[in-house]
Structures are given as structure tokens and as C-alpha cells.
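# Examining the three-dimensional arrangement
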There are 2 protein chains.
Amino acid sequence: MTQPVQTRTLKTRARLLEAAREVISETSHGALRVEEVVRRAGVAKGTFFAHFKDKDALMDRLIGERMDLLLSDLEACPPPQSTADLVRDLGPFVAFMRSERYVFDVILRYSGAAAREEIGPIAATFERFILLLAPKLAAAPFRKDADPAMLAEGVQAFIFNALGLSFCALHSDDPLDGRLEAYFDLWLLPPGGATA
Amino acid sequence: MTQPVQTRTLKTRARLLEAAREVISETSHGALRVEEVVRRAGVAKGTFFAHFKDKDALMDRLIGERMDLLLSDLEACPPPQSTADLVRDLGPFVAFMRSERYVFDVILRYSGAAAREEIGPIAATFERFILLLAPKLAAAPFRKDADPAMLAEGVQAFIFNALGLSFCALHSDDPLDGRLEAYFDLWLLPPGGATA
DNA sequence: AATAAATATTGACCGTGGTCATTTTTGCGA
DNA sequence: TCGCAAAAATGACCACGGTCAATATTTATT
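Worth saying up front: this structure is predicted, and the values here are computed from it rather than measured. Sequence order as written defines the numbering, with residues in each chain counted from 1. Chains carry letters and ligands carry numbers; both start at the beginning, A for chains and 1 for ligands, and go up in the order they are written. Owing to the predicted nature of the model, reporting of local features is limited to residues with pLDDT of at least 70; listing and counting of side-chain atom pairs is limited to 80 or more, with chain, interface and lining totals taken over all residues. Just so you know, side-chain values use all the structure's heavy atoms and leave hydrogens and water out.

A word on the pattern of salt bridges. The salt bridge criterion pairs a side-chain nitrogen of Lys or Arg with a carboxyl oxygen of Asp or Glu, the two atoms within 4 Å. Under the definition given, this model contains 32 salt bridges over all chains. We note a salt bridge from B:Arg128 to B:Asp68, for which the minimum N-O separation is 3.4 Å. Pair noted here: B:Arg128 is in helix 7 (residues 121–139) and B:Asp68 is in helix 4 (residues 55–76), with a separation of 60 residues, a long-range link. A network of salt bridges, in which partner residues are shared, links A:Glu22, A:Glu26, A:Glu36, A:Arg39 and A:Arg40. What counts as a helix is a DSSP run of H or I of at least four residues, what counts as a strand is a run of E of at least two, and both are numbered from the N terminus.

This paragraph deals with the packing of helix 5 (residues 83–97) of chain A against helix 7 (residues 121–139) of chain A. All names here are of chain A. Interhelical geometry of helix 5 versus helix 7 gives an angle of 170 degrees and a closest axis separation of 13 Å. By the angle between their directions, the pair helix 5 and helix 7 is classed as roughly antiparallel. Residues Leu86, Leu90, Phe93 and Met97 of helix 5 form the contact with helix 7, whose own contacting residues are Thr125, Phe126, Phe129, Leu133 and Leu137. Here the contact of helix 5 with helix 7 is composed, by residue class, of eight nonpolar, one polar and no charged. Working convention: axes come from line fits to C-alpha atoms, limited for helices to the stretch in contact. Angles between N-to-C directions cover 0 to 180 degrees. Working rule for angles: under 35 degrees goes down as roughly parallel, over 145 as roughly antiparallel, 65 to 115 as roughly perpendicular, anything else as oblique. Whether two residues are in contact is decided by their heavy atoms: any pair within 4.5 Å suffices. Only Asp, Glu, Lys and Arg are considered charged, only Ala, Val, Leu, Ile, Met, Phe, Trp, Tyr, Cys and Pro nonpolar, and every remaining residue, Gly among them, polar.

With that settled, consider the UniProt feature "DNA-binding region" (unreviewed entry) in chain A. UniProt positions are given in the numbering used here, feature names are shortened, and annotations may be inferred rather than shown by experiment. When the UniProt feature table is mapped to this numbering, "DNA-binding region" (unreviewed entry) covers residues 33–52 of chain A. Between the C-alpha atoms that bound residues 33–52 of chain A the distance is 14 Å, and the span itself is 75% helix and 0% strand.

Turning our eyes to something else, we now look at the protein's contact with DNA strand D. In the vicinity of DNA strand D, 20 residues are found, and the nearest of them are A:Thr9, A:Thr12, A:Ala44, A:Thr47 and B:Lys55. The share of sugar and phosphate among atoms of DNA strand D within 4 Å of the protein is 71%. Here a phosphate oxygen of DNA strand D and a backbone polar atom of B:Val34 are 3.1 Å apart. Residue proximity to a molecule or strand is established when one non-hydrogen atom of the residue lies within 4 Å of it. In protein, a polar contact means a hydrogen-donor-capable atom and an acceptor-capable atom, both N or O and within 3.5 Å, with residues adjacent in sequence counting only if both atoms are side-chain atoms; elsewhere, any N or O pair within 3.5 Å suffices.

Attention shifts here to the relation of the copies chain A and chain B. Only residues with pLDDT of at least 70 in both copies contribute their C-alpha atoms to the least-squares superposition of the copies. Superposing chain A onto chain B takes a rotation of 180 degrees combined with a translation of 0.0 Å along the rotation axis, leaving an RMSD of 0.0 Å. One copy is carried onto the other by what is essentially a two-fold rotation axis. Taking C-alpha positions as reference, the residue of chain A nearest the rotation axis is A:Ala157, located at 2.8 Å. By residue overlap, the copies meet face to face through one surface: 97% of the interface positions of chain A are interface positions in chain B.

Written out as C-alpha cells, the structure is:
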């Protein structure tokens, strides 16, 4: 064998991905239709499914790469000095997750490695999220009696919870941030530290 | 007006629900097909959608009623004396949520009142969950520096989180319970209480 | 009882994700 | 340069959720 894949394969996949990004940028994730993607990519429908297990796998990849970019920004932030700082630093990441109901649903479904043994892009992003956040939490003035990785997992859980509730009543951003901060205060701050 | 709905309506809806329960008990939630339900109920397809906004609305209702039953069992439990007690009492409720990946997905999607202004059965169940669990947590030997309702919300968030992870690697029940207890220890126990 | 208005039911039809036997393209050894 | 086997692409086809104009049934009015 020369290469595991032909260059043609790579090219076709790249065209599919580019077409998909185009569609999403013009409309939204939820409005993406496979038929529109293959039309723009100039390939047959079957080809799409030779490259992606299903439409969700494409979404997993596209959403995963967006989240990864956002995570790199988060990585560049210094350790938060308060829960309010943390909420602020998390802002863009959280904002993307709630940008569309459909996006949130996909993220939810794939955040836990998606029923497949192979870990997907979104699940990998959340692994990275924990790995990246744990040392920051450890360096922040937060409770020291718990494994930082576990604290990070809690932060993740509370984000999901707050987001789920935020999609309920369609209130603006404010209640979300406030709710997150309240969760974080209880979860991250050592008890007795009166100031929020 | 006499009644808001005709008796015919009630009968048809009951037949649809009964047919759906039948299908699920013979196969699974995920295997339910609307066409099979209407066939068994002896009505046309369009009739189904006159009674339920979509297939998910039927699932919302069926899954919601199951969870409600499980919640009543939980309600009958005395306040837990430890986080291990809590994990045990939560057992059947959690077991149902993880019984099928599809069920968990539906629950996740609808737990936050499902993008609709009207609150659905699953969302109502989680409201009841908080209302029911809060006083139990307050009566248990857990931390007293937080609003019990908030503690209950945290319990819910950690359940979702642990379940999401549990669907990843398909390990058995044990790691789930252990993970839950670890979360609860950190979230519910006053720091300093050394014993787990 | 006759008629009209409101409500429920019907089923042909559509959109869209996904499949698969067949055909085309590619890489490679003779 | 000519097969030939493996990989990739094709597009007709299917499954299934969901729609809607037409029809049937019930209820209210006289």
C-alpha cells in the first residue's frame, strides 16, 4: 500500500466540509441539509455517507472544531480570581453552545462520547475542557479540598444544567450568567468565604 | 360549549396511547414507529398528529408518566442519612433514565421545558423532582449553608453528567453509582466531615 | 327534523436522512 | 500499455416523520 487514503478522498472530504461550512455560515447549523451540501460539493448523495457515518457525524466534527477554537481562547486566560471572572472567561464558549437549540442538542448528545467506542470531536473537546480548566481552578482562590479535575467536571455539569434551563423560558443572557455564578459560588468557593 | 373535547377525541387519544405503550413494552422506546402505532390504534396517520404535535410529544408524555411513577417511590423514601443512601434511593429513577440511549436523549432534550413556552410532562417531572428532593436534603445530615432547592438542582445536574459519561464506555452500573456518590460527597457534605 | 358551524378523521403526498448494487476511477504489476 | 483488483463515487430507491385539502362526524340552533 502507498497511502491509506487516496488524495481524491481527501479532496472530496475537504469539499464536503467546505460546502457544509458555507451553508452554515449562510443559514444556521439546524438548517443544514445533506442534499444542499452534496449539491454544492458537486458529488452524489451516497458519497457523503461514504465520508461521514451520518449527518450527526458531520455536525460533531464541525461543532467540535468551533468549540476547540473557543477553548483555545479560554486556555489563554489567566486563572480566574473569582467566580465572576470564571463566568466571564467561559462566556464565548457558553454563548456558542446556546447559539442554537439544535447545536446544544447535538453537543448534549455527543458530549459523552456518543454511544460509540470511538471518541468523537465534541467529546474530545470536553476532555480537553476538563484538562484545561482543572489547573486553572487549582490556581484560583477556590476550595482546595477537592480534586481539581472533579471541580472542573462540576463546572461542566452546571453549565449544561444552566443552559438547559435557559432554553426554557427565552430570557436574555443575564439570568444565565447569574445562575452560573450562583452554582459556582456554592461549588467552588470554600464555605465561610462570605464575599461572593 | 359543553366540553372542550368530544368523547370521541378522548377515546382516540386513549387508543393511541395504549397502542404506543404496547409497542414499547414489546420492543423499546427507540423502536417505536408512528405508523405501527396508528395501525394498532386503527386510525389514519394524520389523526396521530392531530393529537400529538410530533412523535417527541408522545414520548415526552409516555416517558414523563413513567418517571412520575418512579418519583412517587422516591417521595416515599425517608430522608437519606448519607450520600450512599441518596444514591440508592435515586437508583430506580436513574436506572430508567439510562435504560435506553434514546430515552436519555429525549429526557435531556425535554428536561428544560423543550424550547416551547408550554411546560411538558418531562419538564414537569423535573420540577417535581426539585420540589420533592429539596426538603429531603434539608432534613438529611448535609450542608446547611445553601438553599435546599439549589442543592437539589445540583443533584440533578450531576445525575445528567454522570449518565452522559456512563453512556460513553459501556461499563456496568458500578462506576455510575460510585461517580454519583463522589459528586454528592463534594456537593452535599459539609467540608471537614472526613468520613464518606 | 333540517341546517349550519365546529370539530375530528382521512390518506395521498412530501422532505429528508440514509442504503446499496452498480459503475467509474485509481494504483500497480507484468 | 494493458489488464485487474481495490477504492471511491453514483443515483435510484427506501423508511419514516410530518402536512394538508378534502371528507365525515358531532354539536348547536331554529
